[in-house]
Amino acid sequence: MANWIINNGLTAFILIVWMGINTFLFVWYYLLYDLRDQYFYTRHLLGSALAWARAPAAVLNFNCMLILLPVCRNLLSLLRGSFGCCGRTMRKQLDHNLSFHKLVAYMIALMTAVHVVAHLLNVEWYNNSRRGVYDELSTALSNLDDTTNTTYLNPIRTIDVDAQQSPTYLVFTTIAGLTGVIITLALILIITSSMEVIRRSYFEVFWYTHHLFIIFFIGLVFHGAGRIVRSQVPTTPPHNITFCKDHSNQWGRIPDCPIPQFEGGFPQTWMWVIGPMILYLCERLLRFIRYMQTVRYRKIVMRPSKVLELQLVKNGFKMEVGQYVFLNCPAISQLEWHPFTMTSAPEEDFFSVHIRSAGDWTDKLISIMQQLPEGAQGPKMGVDGPFGTASEDVFDYEVSMLVGAGIGVTPFASILKSIWYKFKVSNPKLRTRKIYFYWLCRETHAFEWFADLLKGLEKEMEERGMGDFLTYKLFLTSWDQSHAYREGVNYDKDTDVVTGLKQKTNFGRPAWDKEFEQVRKENPTSVVGTFLCGPQVLAKVLEKKCAKFSDVDPRKTKFYFNKENF
């Protein structure tokens, strides 16, 4: 439990605070609409559905305020820099931005469902009251005229429409109803297209439907302008509810029972969301400015396993290890931006990305680059970034474990290159004294583009007498008998038959208990940063191992888990 608190305590606290605010808003507004006298007559028409509609609306306002903030990447990068003095635990929370974005989206979906169901019941009860189906008081309230004093309570103002069509007529002829339909449909499309299976297999569908959030927020701002939920306002002389509710036929005839006056509530949603909307607008404006800046190709290289390496140059571009950029190629799509981790080091005069064939957009980009004449410049490329990730903190640890799966090795290419440059100039600021690097891959060809970097590091470490600084292990997770035979025949050779490196390739998956135990044994008093760029399944395994092998004694080994999120 102590280890779990060390790794997840602040995250859990933030979630508890967020959930507490949601609970408070729901309960507060539920009781407000369920108990306050100014809603007595409204409750008489609608019953508890009034409170069940308004309480989720308050929670929706709060979460719609939050939903855009986790995807304001420039804001997060700014905060990451500001938290540099606040310790790694605070900065680590920023790496959960997409998880929090999804969590807020789930809350919006749940509260929208409750809100919509409650209002569907409200519309039905409004209709029945207007047609005299219920008691005398409900009929009297529904028959109040719409005068200059806006005395009416029931928004269904006519009974000329067929009784079965009145609810539909109200929904599609009022601001609240029409905007409600639009934002609900937009939300359904956004959420369904965000499912993992669609996002992975049909990214373009996810990308385009996600931009329906623009329609969602426009509809949200205007949704409350219809003021469809109305409350009683004071009159002179006062309207005595206790007495007058039983004497509706005397309203306006005796002094104690003047005709009750009602008004719609002031729209509040825009006040909740205007700030985040402006921030996000600035975010997109900054993206457009960056898009217009010239990007030149320094080198275009096709690596094995259909991996494209782009070396790009952009004036004023500065990066840190492990950061990523968004790329846009107008020749493929004017609107699509895709994230790629940079594989270059900050010490280099260019930045590079390695792009694996993994969908329509990447396939088209690789096809365009393969058709270019030798030495030609590629198509126009828009670059947004760089943006910070967990890997930026790798040099804050004395010992680091880097775990990459497949193309997930890219942030660690940047880190290892930067280490190589730091050793070349004997950088005194380098705190890291030991790095363990693990790369899991399915194909032998995938190792090829990265092997040259590892060879250079091997040579550099040996020349400086620091062969123990970098321990790396490569794992081939998919192989056939020919691979195993070649490895067995050439086992006694100094270099590996697959990669040409001195470190032999391992077949199968790592025994993580054994690996963590070895790291703990070799570093008995160190804080170890464990960094992963890979699938969620592996993340869960490593997070558990970090908790399992951390020692409660502050003087002994502790593992902190960090994962790349895009």
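Residues numbered from 1 in each chain as written. Predicted model: local features only at pLDDT ≥ 70, side-chain atom pairs only at ≥ 80, totals over all residues. Heavy atoms only, no water.

Peer 1: Tell me about the overall build of the chain, residues and numbers included.
Peer 2: When helices and strands are counted, the chain shows 20 helices and 14 strands. Among the 566 residues that make up the chain, the fraction classed as buried is 48%. Looking at the chain alone, contacts between residues at least 24 apart form 74% of all its contacts between residues at least 6 apart. Surface accessibility of the chain: about 28,000 Å² in total, with carbon and sulfur atoms responsible for 60%. (Helix = DSSP H or I, 4+ residues; strand = E, 2+ residues; numbered from the N terminus. Buried < 20%, exposed > 50% of the residue type's maximum accessible area, 1.4 Å probe, protein only. Contact = heavy atoms within 4.5 Å. Areas by Shrake-Rupley, 256 points an atom, 1.4 Å probe, with all protein chains shown as cover.)

Peer 1: Tell me about the sheet that holds strand β8 (residues 382-387), and please be specific about residues and values.
Peer 2: On the basis of which strands lie adjacent, the open sheet formed by three strands has the order β6-β5-β8 and antiparallel pairing. Taken across any chain shown, the strands that pair with only one partner, and hence form the sheet edges, are β6 (338-341) and β8. Neighbour to neighbour, the strand axes of the sheet diverge by 25° on average, direction disregarded. One ladder, built from four bridges, connects strand β5 (residues 324-328) with β6; its direction is antiparallel. Bridge assignment links Y324 to a residue of β6, and that residue is T341. Helix-sheet contacts for helix α14 (residues 269-292) involve β5 and β8, and the interaxial angle to β8 is about 125°. (Pairing = 2+ DSSP bridges. Axes fitted to C-alpha atoms, helices over the stretch in contact; angles between N-to-C directions.)

Peer 1: Outline the pairing of strand β9 (residues 399-405), listing residues and values.
Peer 2: For β9, the buried fraction is high: six of the seven residues fall into the buried class. In terms of strand pairing, β9 meets strand β10 (residues 434-441) through seven bridges, oriented parallel. Bridging from a neighbouring strand, V403 pairs with Y438 of β10. The sheet contact formed by β9 and strand β13 (residues 527-533) spans six bridges and is parallel. When the bridges of β13 are listed, M401 appears paired with T530.

Peer 1: I'd like to hear about the layout of surface pockets, residue by residue, with values.
Peer 2: Roughly 1,200 Å³ of volume is contained in the second largest pocket. Considering the residues around the second largest pocket, the lining is formed by 48 residues, among which R54, H115, H119, H223 and I228 are closest to the centre. Of all elements in the fold, only α1 (2-35), α3 (49-66), α6 (97-130), α8 (166-173), α9 (175-193), α12 (213-223), β2 (261-264) and α14 reach the threshold of two or more residues within the lining of the second largest pocket. Residue composition of the lining of the second largest pocket, grouped by class: 29 nonpolar, 16 polar and three charged. (1 Å grid on protein atoms, 1.4 Å probe; cavity = no way out; pocket = protein on both sides within 12 Å on 5 of 7 lines; lining within 4 Å. Points joined across faces, edges and corners; volume = space filled by probe spheres on them. Nonpolar A, V, L, I, M, F, W, Y, C, P; charged D, E, K, R; others polar.)

Peer 1: Residues and numbers for the side chain of T179, please.
Peer 2: Here T179 lies in helix α9. Engagement of the side chain of T179 in a polar contact is seen with the backbone oxygen of A176, the distance being 3.3 Å. Each residue touching T179, except ones within four places of it in the same chain, is listed here: G219, F222 and H223. (Polar contact = N/O pair within 3.5 Å; in protein donor to acceptor, adjacent residues only side chain to side chain.)

Peer 1: For a nonpolar patch on the surface, give the residues involved together with the corresponding values.
Peer 2: A contiguous nonpolar surface patch, about 500 Å² in accessible area, is contributed by F266, W270, M271, I274 and I278. Structurally, M271 is set in helix α14. What makes M271 partly exposed here is its relative accessible area of 44%. (Patch = residues over 30% accessible without salt bridge, like charges linked within 9 Å, V, L, I, M, F, W, Y side chains within 5 Å. Salt bridge = Lys/Arg side-chain N within 4 Å of Asp/Glu carboxyl O.)

Peer 1: Explain unusual backbone geometry to me, using residue names and the numbers behind them.
Peer 2: Omega for the bond connecting T236 with P237 falls within 30 degrees of zero, at 0°, which places this linkage in the cis form. Following G385, the chain continues to P386 via a peptide bond in cis, the omega torsion being 10°. Tracing the sequence through the fold places P386 in strand β8. Unusually for a residue other than glycine, R227 sits at a positive phi of about 50°. Among the secondary structure elements, R227 is positioned in the loop between α12 and β1 (230-233).

Peer 1: Let's hear about the state of the cysteines: which residues, and what values?
Peer 2: For the structure on display, the rule yields one disulfide. Across the disulfide, C244 is cross-linked to C257 (sulfur-sulfur distance 2.1 Å). With the S-S bond torsion at -100°, the cross-link from C244 to C257 turns out left-handed. Of this pair, C244 sits in helix α13 (residues 241-244) while C257 sits in the loop between α13 and β2, and the two are 13 residues apart along the sequence. Note on accessibility: C244 and C257 belong to one class, buried. (Disulfide = S-S within 2.5 Å.)

Peer 1: I'd love a proper account of the confidence of the model for the chain, names of residues and values included.
Peer 2: Predicted confidence across the chain gives a mean pLDDT of 84, with 88% of residues reaching 70 or more. The secondary structure element of the chain with the lowest average pLDDT is helix α18 (residues 481-489), at 56, and the one with the highest is α3, at 95. (pLDDT = per-residue confidence, 0-100.)

Peer 1: Describe in detail the packing of α9 against helix α11 (residues 203-210), supporting the description with residues and values.
Peer 2: Between α9 and α11, the least distance of the axes is 9 Å, while the angle of their chain directions is 150°. In this view, α9 runs roughly antiparallel relative to α11, as classed from their interaxial angle. In the packing of α9 onto α11, the handedness of the crossing is left-handed. Between α9, through L189, I190 and S193, and α11, the contact on the second element is made entirely by V205, F206, T209 and H210. Class assignment of the residues belonging to the contact of α9 with α11 gives a composition of four nonpolar, three polar and no charged. (Parallel < 35°, antiparallel > 145°, perpendicular 65-115°, else oblique. Left-handed = near helix turned anticlockwise from the far one by under 90°.)

Peer 1: Describe in detail the nonpolar core, supporting the description with residues and values.
Peer 2: Counting 52 residues, the largest nonpolar core has Y41, L141, F216, F217 and W251 as its most contacted members. It is α3 that contributes the most residues to this core, eight residues altogether. Apart from residues lying up to four places away in sequence, F216 is in contact with C64, I183, A186 and L187. (Core = buried A, V, L, I, M, F, W, Y, C linked by side-chain atoms within 4.5 Å.)

Peer 1: Give a description of the sheet that holds strand β4 (residues 307-313) that names residues and reports values.
Peer 2: Sheet strands associate in pairs through backbone hydrogen bonding, adopting either a parallel or an antiparallel arrangement. Across the sheet, three strands lie side by side as β3-β4-β7; this open sheet has antiparallel pairing. At either end of the open sheet lies a strand with only one pairing partner, and these are β3 (296-303) and β7 (351-356). Averaged over all pairs of adjacent strands, the angle between their axes in this sheet comes to 20°, without regard to strand direction. For β3 and β4, the ladder comprises seven bridges, and the chain directions are antiparallel. Looking at the pairing, R296 lines up with V313 of β4.

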